[in-house]
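Descriptive structure summary
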Amino acid sequence: MLHSVSLTASRLIAARTLSLSKAAAKTSSLFRSFSTSDGTFDLTGCFQTHNLDSAPSESVTATKQELVDIFELMYTMRRMEITCDNEYKARNIRGFCHLYDGQEAVATGILNAFEPEDSWITSYRCHCIALARGGSVRQVVGELFGVIDGMSRGKGGSMHFYNKKHNFFGGQGIVGAQVPVGAGLAFANKYNAKPGEKMNVAIACYGDGAANQGQIWESANMSALWKLPMIFCIENNHYGMGTSIDRHSSISDYYKMGNSIPGLRIDGMNVLAVREGMRFAKEFCGSGNGPMYVEMMTYRYHGHSMSDPGTTYRNREEIAFTRSTRDPLEFVKKCLLDNEFIDEAEIKSTEKRIRKSVQEEVMKAKESTSPPLDELTKHIFATSLEPQCDSEYPPHIRMPNYEKSFWANGHRN
Amino acid sequence: MNLFTAVNDAMRVALRTDETAIVFGEDVAFGGVFRCSHNLREEFGADRVFNTPLSENGIAGFAVGYAATGGTAIGEIQFADYIFPAFDQIVNELAKFRYRSGNQWNAGGVTLRAPCGAVGHGGHYHSQSPEAYLAHTPGIRVVMPRGPKAAKGLLLASIRSRDPVVFLEPKALYRAAVEDVPVGDYEIELGKAEILRPGEDVTVVGWGGQLRVLAKACALAAELGIDCELIDLQSILPWDFETVAASVSKTGKLVVSHEAPITCGFGAEVAATVADRCFWNLEAPIKRVCGYDTPFPLIYEKYYIPDELKNLEAIKTVVEAAK
């Protein structure tokens, strides 16, 4: 019985997947290249809207350089996550580790639609967003190794990457807890906006599994009430840990979940659709129209965490099918090849270069050292406090009178 | 001034001197349920003083986000009893932001105010004192003033502190307590206890509204010839162990009292630390005079509260024990 239910669920997802992959296939057949450095891409079927009068454009252009940069970032993400998987299995990484491979187009598309002044906060699945927002492989992997060169001085670990220079407010270990914080960031952007100018936006990313946390609705209500430039970005990878959306949520159209809040569903495996959709959302929210719910239809290849093989609640065929029909990296490769921006050989050499560079960065991270022990008590308060209980007796303590003590009366030894 | 006008005055000074400061919470734009934010919206505008929905976790998270950008967020949780829905944001986000980001981000600009304690008729959900739950959270400061003057100085210091603060205001004193309060800018250093009454025989420690009860108990004890040293902790986390230890080393006896239930109350922390660090100076077992381990009762409130007579009994007991 259970098995058949699970099959139905995966068939549903396959169907949904198929409809989106058709759009992707169409995209490739409709490529028209104007020059060697510019291409037009058809995004028909990549968007669905809710409570919106307008929609993102279904025809976009991208330059060769943009696509090459996108490919390099996404391939670096993929290699980094695969390396993390290996290092975890080799026991060089301890604790918790949630991998992003499969979802690379989401972070990359958002990055390419945003300005560095826009605030970004996300869930625990944050390695690749940290990389996108100013991090290096060495800093990310270093943090996982717990070394001082890690992004948070080795004190956070897998779920805790931050980058002050790049307005990245990090990963959060508590499911959904980043969303009210995101509303505060959006408020700051509104409060600090110059009159008459567009506001910077704040985006809070969370998964389909988090989408039913109560505090998300608290922040959605506040954001709508105060017209905050806030994007609720649901990375729908179809599973809340090990439970499929059909089983864990009474609503599977997450982009409609904000009720009166406008919503947008985007093919999250198509990086150009993500970029265009997020440009649209940024324009909408930054212009004072209030928040937007954005649902990214995506997929994670790995399990929820390292303790989850990812195959007990879905079958291998589903993963293989997604890889072969909707892989976000293959999509970018196809864009590059079909427009004759670069050829197979160049792709191969780029991949080789990135693989090597990721390996080198990991080696460098391994050479670093653990943070010193005094970091244990640093950064709890603004000024580190003296330890409250040390082993030394302070001067006001009267020492014991051994003449009278229990030990002096023949009990010692 | 009484306590709510002192709180109002502190927030007014903060809003005047810090243009990033904002005040928000449930109904605060109308002055708040205890009138603490009275007239602030009129003076500083609806952009800086505004009402929130009834969403405590949202309020706390919102404060963290705003403070992370460098702003000063003064949030009000309407009653300390409602701080529990905000517990996730306080414990997991507010308190740990600095540490877990290796000092890149912090939420030091956050001050969450909440009225706490018994009020005579509050019942289960309008009378609790949650300081011990909060004090179990490294990364936040927990502060409770005993009266109007302390409220102004400590609140302004809390707002300006670069650490997040949960500021608990004894609601029974909002109108009852009247004191001369310095006008203009006035701060009291956080993390420091204050000796309210020097004495030689027994150290009596409390915080917040309980100080009024303890002052009465000390006066009654004086009539019996017992000279109590009364200490207001003021800051519950981090707390001023040195002042307490110096006093206990002198008197050899300790009575600690609070309204919250006795088991795992903050008095247990004070007693355990004093036992550890002042063991050889103690002349009598430490006494805790606290609320009972029951939900905060409505009709039994006068039996539940650790009043001056219960405290007087404890003071007499430790003096007897040391003879």
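What you see is a predicted model, and the numbers here were worked out from it, not measured in a lab.

In this structure's numbering, the residues bearing the UniProt feature "domain: Dehydrogenase E1 component" (unreviewed entry) are residues 74-371 of chain A. Summarising residues 74-371 of chain A: 46% helix, 10% strand, and an end-to-end C-alpha distance of 30 Å.

Here the focus is the nonpolar core. In terms of nonpolar packing, the biggest core is built from 79 residues, with Phe62(B) and Ile90(B) touching the most fellow members. In terms of residue count, helix H3 (residues 56-68) of chain B provides more of this core than any other element does, 8 residues in total. Once residues within four sequence positions are removed from consideration, Ile90(B) is found in contact with Ala60(B), Ile83(B), Ala95(B), Leu112(B), Leu134(B), Ile140(B) and Val166(B). One finds Cys46(A), Cys233(A), Leu272(A) and Ile347(A) within the second-largest nonpolar core, a separate group that totals 74 residues.

Each partner contributes to the interface: chain A provides 48 residues, whereas chain B provides 52 residues. Of the roughly 4300 Å² buried where chain A meets chain B, counting both sides, 61% is carbon and sulfur surface. Summed over the shared surface of chain A and chain B, the result is 18 residue pairs in polar contact (both at pLDDT 80 or more). Listing elements by their share of the side of chain A that touches chain B, those giving two or more residues are helix H6 (178-191) and helix H7 (214-225) of chain A. The element that contributes the greatest number of residues to the side of chain A that touches chain B is H6(A), accounting for 8 residues.

What follows covers the confidence of the model for chain A. Here chain A averages 87 in pLDDT, while 84% of its residues score no lower than 70. Scored below 50 in pLDDT, residues 386-397 of chain A makes 16 contacts in the model with residues more than four places away or belonging to other chains.

According to UniProt, the positions carrying the feature "domain: Transketolase-like pyrimidine-binding" (unreviewed entry) are residues 1-176 of chain B. Between the end C-alpha atoms of residues 1-176 of chain B there is a gap of 10 Å, over a span that is 38% helix and 16% strand.

Let's shift gears to the environment of Phe50(B). When you line up the elements, Phe50(B) lands in strand E2 (residues 49-51). A sequence separation of 19 residues divides Phe50(B) from Gly31(B), and the C-alpha atoms of the two residues are 10.0 Å apart. Dropping the residues within four chain positions of it, Phe50(B) is found in contact with Phe187(A), Trp226(A), Ile22(B), Val23(B), Phe24(B), Gly25(B), Val28(B), Ala29(B) and Phe62(B).

So, on to the pairing of strand E2 (residues 38-42) of chain A. All names here are of chain A. Of all 5 residues in E2, 4 are buried; the element is thus mostly enclosed. Where E2 meets strand E4 (residues 59-63), 5 bridges bridge the pair, whose relative direction is antiparallel. For Thr 40, the partnering residue across the bridge sits in E4 and is Thr 61.

Turning to H7(A), a few remarks are in order. Between the first and last C-alpha of H7(A) there are 17 Å, a value that for 12 residues agrees with the 16 Å anticipated at 1.5 Å per step. Packed against the buried residues of H7(A) are H6, strand E6 (202-207), strand E7 (230-236) and strand E11 (292-297) of chain A together with H3 and helix H4 (87-94) of chain B.

Conventions we followed
- Residues numbered from 1 in each chain as written.
- Chains lettered and ligands numbered in written order.
- Predicted model: local features only at pLDDT ≥ 70, side-chain atom pairs only at ≥ 80, totals over all residues.
- Heavy atoms only, no water.
- UniProt positions renumbered as here; feature names shortened; annotations may be inferred.
- Helix = DSSP H or I, 4+ residues; strand = E, 2+ residues; numbered from the N terminus.
- Core = buried A, V, L, I, M, F, W, Y, C linked by side-chain atoms within 4.5 Å.
- Buried < 20%, exposed > 50% of the residue type's maximum accessible area, 1.4 Å probe, protein only.
- Contact = heavy atoms within 4.5 Å.
- Buried area = accessible area lost by both parts, 1.4 Å probe.
- Polar contact = N/O pair within 3.5 Å; in protein donor to acceptor, adjacent residues only side chain to side chain.
- pLDDT = per-residue confidence, 0-100.
- Pairing = 2+ DSSP bridges.
- Expected span 1.5 Å × (residues − 1).

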